[in-house]
Structure formats: structure tokens, C-alpha cells
Amino acid sequence: MKPTLLALLAPAAGLAAQCPTSEGTFLGAPVALSLSSAGPGTLTASRVYGKRVGFHAVAPGTAAFANGFHFDLHAILSACTSTPPPDVDAFSVGLDWILADNATGKVQVPANRWGALTFSVSLATQGRAGGAIRAEQARADGAAADVFSFFLPGSAIPAELVGRTQRAVDSEEIDLGLGRDRRDLDGLDLIVPLFGLEPGMLSLLGHEPRLFFSVAAASLDQCPATWFGSGPKSAATILEVRWNAATGAWTCPQVFLRYDALGLKVEEDVDALAIDLAQQRVLFSTKTPTRNPILFLYYGTDAAQPLPYTDVDDVPISTKIGLLETDDVDAICALDPSIRGGPGGANPQYFAFATPAATAIVPPTAGLSASAFREYVGGQPAIRTFVAGWPKTGAGPGVGALFLTLPGGFNPIVGLGQKARNPMPAFCGDPLTLALPVPADVTLKGAAVYLRWAVADQALTTLGEAHPLQVRL
């Protein structure tokens, strides 16, 4: 007797249930990251690594780009000390967009805008029962080396995505190793990878970046006292280095915000950091168990005190993310790709990240996600887009297809390509990818197009669509 199609697909469907798909608009995102000192292997705690766009089975290299920019704190700090460089505990390039009220620390999303947090958690973090973090903590590779995303309440995106925590990048998709005792991602920034894009994007970012960081308390002895100026060494002090365009090198560290300017004690430890230089705002976390896992500070006033980052209903964002009071966010990045410019000038996020839209042809399928990111390969800017997940029939043979439409309707609709599905994929959800080259006469003009991913089973009887993506060329 020949096996039925159902019998053939049953093992694949079971595998899909054991292999949860990364989700959301930051699926496969490029990330600059650092690691804690925990774990064996060749990756070290003092370096900043660059995870490229997509899904990878090889370890990331350092965050260095063909245009000469590099953000490798190991090399930067090695030039400034005779001892082994310290463990980088948190970092930010200062171009985060933090949406908050300066006086209260409450989320404040302007009309027709949206904001998101991407973050990672510590090895000891458990997460609330039923949440994405707890689900990941129960898996073999744990949650500590994953990147999660969370759309801020009040965001002008499809309602079912607002206030939802999703695993955007799994540790296996960065190749950081299996086992929760092996890797802990303890710093991340989604803006650093943008420095590897086309020259026009670099002009939006600024040619002399700054890199802000804290060091782990256990490695303070490896820091020269001069880095901290006239103050004491502290893991709660934010240091900075600056790129010198004339020399193509970084300066040695100096103090950006001392521990007391953050309202902290000298013995505390900042282990997550997002800095919005234009608006003088900081999101950060500490290893102090009595403090909220995500704190906000407006440093544009004297005697500022850190406040829990909260929603307008006074519930902490950490709670809505799915954290317990004793949990710890140990890496964070704040984003707002919905606006072309603001207090700090042009916003490169506007061109680099896609906006999830509500204008689907069919209702978006649960568990099916699409994303898109700007890339620059071989002198050609392009929009690289992904889809991951399955139609309602589950994992199995089928097809994924990408379409393009213009704002205002579905006519015309242009097919950009299709790919066969693999029911036994290398990565959960069988992520598919295609690239849309951006012509030189269009790039960075801000023209909007919609990318629409659809997937179907082999018989083409069940169709699924991810949330459409608005991208700016």
C-alpha cells in the first residue's frame, strides 16, 4: 500500500511543532552583538560581532565593513590598555529612537508612528508563564542568546502585533551554539550594521560615529583609571569612544555618563543600554535585583532619577514584555523606523527596516512572518526580504511567492519570484529569501512599495499570507 500524503507530512508536522519559527518584522535582522564571558569557544566577551542579514550556520565575524568602519571594541580597547581588554557588558551607537515622556518615563508614541524594542535576556531570566521568553527558556538552547522584539503600545501597525513579544532571531540562526550554559548574548544594536550600507546611507548616519559602552564589574581591574577621569571605576558608568574620520581610528575611552548621572550607586552594574543622543534619553538595565528590568532616564536635566519604562496605564513595559520582577534584560535597542527625520536630523531606520501593514489580500496567517532589510552587496543597494512559517496545513512541500504592489491598492500586482518549500529545513519555518535591487535613480528618495509574501501547500489548495511590508526605497 502506498503511503498517503497525510502520512508523509505527519513527521514534518511533528517536527514543526518541536521547531518553533522565529517571528515578526525583525525576522533574520542584522545585529551587532556582544557576548558574556560565560561559555567555551572562539568567540570572546570583549568583541562586538556582526550578524549579517539572514540565517547563518557559521559564527559571525567582527562588526567591520568594507568601507573601513569597524566597531570591534576588542581592537579599540586593546590599543588603549596594556592588559587584556575588559568584558563589554552593554553597548549602543547612540542612534536609538526612544519614545517616551521625559518627565514620567511613560511610552509616548506620536500619531501615525510606531516603535519597537529588540532585546535579549540573561541566563537566569525565566519569563512569565505562557510567554515567548518562558517558551524559549524551556528549549535546549535557552533564551539568553536569542533576540526578541516587542512593538510598543500605541504603535500604528496591525493591532494583533502591538504589545506582543516575539523571538526575532534564535541563537541557532547566529550559530552561537546549543545549550543554555554555552552562550549569553549581552549586548546588541541594530543600527551598527547600517554603517556597512551605501554611501548615501552613511551620510544619514554621520561619518564620525560614537560607541557607548559599559564594562562588567568583574573586569574593572582591566580598565585603566584614566578611562574614568577623576571618578572611581564603576560598571555603572557609561564610557564612550569616538571615530576620527581623519585617522580612520577610534579614540580611547572617556566618561559619557557617570554612574551618579544615571541615578545609580558606584557599585551597581549597567548590563543593557540604548542611547538616544538627539533626545537625551536612555533605556538601560542593571544587575540590581530591586530595580525594574527596563529603566528610563532623560539626562537633559540635573539630578535626574531613573524611572521604570512604563505604558500609559502605569504597567511597566518589562511586565508587558513577559518578564518577572527578578528577571534581567541584558541587551536592548530602541527603534522607530516610521519617520523620515526628527530632532537629530535624518532617520536612517526609515530606509533600513520595513513597516508591517494591515492591507493583506487575505487575513494574515498565524505563525507566518515576513521581514525586509536594506543591504549593500557588490556596490548595489537592495531590499532583502524573508518569509518563514507555513500555511495552515503545516510543514510540507509547497511554494512561497513574493509580490509587489504600490500604495493605494492591489492593481497592479507584480510577481517578483517564487521558491519551493523544504519540509525538513535547516532552520525552523524554512525561511525563504529574495532581493529587490534598488535602482540608483530611486535609492533614498523615500518611494514606498509593498512587499507581499504568500505561501501555499503543494496542491495549492491552502494559501497563507504574512503581514505585508511597506518598504521605503
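A few points on the structure. Treat the numbers as computed from the prediction; the structure is a model and nothing was measured.

That bond from Asn411 to Pro412 is cis: its omega, 10 degrees, falls within 30 degrees of zero. Secondary-structure assignment places Pro412 in the loop between β23 (398-405) and β24 (413-420). Although it is not a glycine, Leu460 adopts a positive phi angle of roughly 60 degrees. Relative to the assigned elements, Leu460 resides in the loop between β26 (448-457) and β27 (463-465). Under the relative-accessibility criterion, Leu460 is labelled exposed at 61%.

All right, on to the sheet that holds strand β8 (residues 185-189) then. Read across the sheet, four strands follow the order β3-β2-β1-β8 without closing on themselves; strand pairing throughout is antiparallel. Bordering the open sheet on either side are β3 (61-62) and β8, each of which pairs with just one other strand. Pairing of strand β1 (residues 31-35) with strand β2 (residues 49-51), which is carried by three bridges, proceeds in the antiparallel orientation. Across the sheet, the residue bridging to Ala32 is Gly50, located in β2.

Moving on, we come to the nonpolar core. Counting residues in hydrophobic clusters, the biggest one holds 68 residues, and the most contacted among them are Phe26, Phe71, Leu73, Leu185, Leu190 and Phe213. Looking at which element gives the most residues to this core, the answer is β1, with four residues. Not counting the four nearest positions on each side in its chain, Leu185 is found in contact with Leu33, Ser34, Leu35, Ser120, Val121, Ala144, Ala145, Val147, Ile174, Asp330 and Ala331. Judged by nonpolar contacts, the second largest core, of 25 residues, contains Ile98, Ile133, Leu283 and Ile332.

Another aspect to go through is the pairing of strand β13 (residues 270-276). The element β13 is largely enclosed, with a buried count of seven among its seven residues. Of the strand pairs in this sheet, β13 and strand β14 (residues 281-286) are connected by six bridges, and their pairing is antiparallel. From the neighbouring strand, Leu273 faces β14, where its bridge partner is Phe284.

This model, assessed by the stated rule, comprises 17 aromatic pairs. With 5.5 Å between their ring centres and 65 degrees between their planes, Phe69 and Phe195 make a pair best called edge-to-face. One end of the pair, Phe69, is in the loop between β3 and α2 (73-78); the other, Phe195, is in the loop between β8 and α4 (199-205), with 126 residues separating them in the sequence. Here Phe195 falls in the buried class, since its relative accessible area comes to 1%.

A word on a nonpolar patch on the surface. Together, Ile361, Phe410 and Ile413 line one region of the surface with nonpolar side chains, adding up to about 260 Å² of accessible area. With respect to the helices and strands, Ile413 occurs in strand β24.

In this section: the side chain of Ser371. Secondary-structure assignment places Ser371 in strand β21 (residues 369-377). Judged by relative accessible area, Ser371 falls into the buried class, the value being 0%. At a separation of 2.6 Å, a polar atom in the side chain of Ser371 contacts the main-chain carbonyl oxygen of Leu27. Residues contacting Ser371, with those up to four places away along its chain left out, are Gly24, Thr25, Phe26, Leu27, Arg384, Thr385, Phe386 and Leu469.

Calculation rules
- Residues numbered from 1 in each chain as written.
- Predicted model: local features only at pLDDT ≥ 70, side-chain atom pairs only at ≥ 80, totals over all residues.
- Heavy atoms only, no water.
- Helix = DSSP H or I, 4+ residues; strand = E, 2+ residues; numbered from the N terminus.
- Buried < 20%, exposed > 50% of the residue type's maximum accessible area, 1.4 Å probe, protein only.
- Pairing = 2+ DSSP bridges.
- Core = buried A, V, L, I, M, F, W, Y, C linked by side-chain atoms within 4.5 Å.
- Contact = heavy atoms within 4.5 Å.
- Phe/Tyr/Trp six-rings, centres within 6.5 Å; stacked < 30°, edge-to-face > 60°.
- Patch = residues over 30% accessible without salt bridge, like charges linked within 9 Å, V, L, I, M, F, W, Y side chains within 5 Å.
- Areas by Shrake-Rupley, 256 points an atom, 1.4 Å probe, with all protein chains shown as cover.
- Salt bridge = Lys/Arg side-chain N within 4 Å of Asp/Glu carboxyl O.
- Polar contact = N/O pair within 3.5 Å; in protein donor to acceptor, adjacent residues only side chain to side chain.

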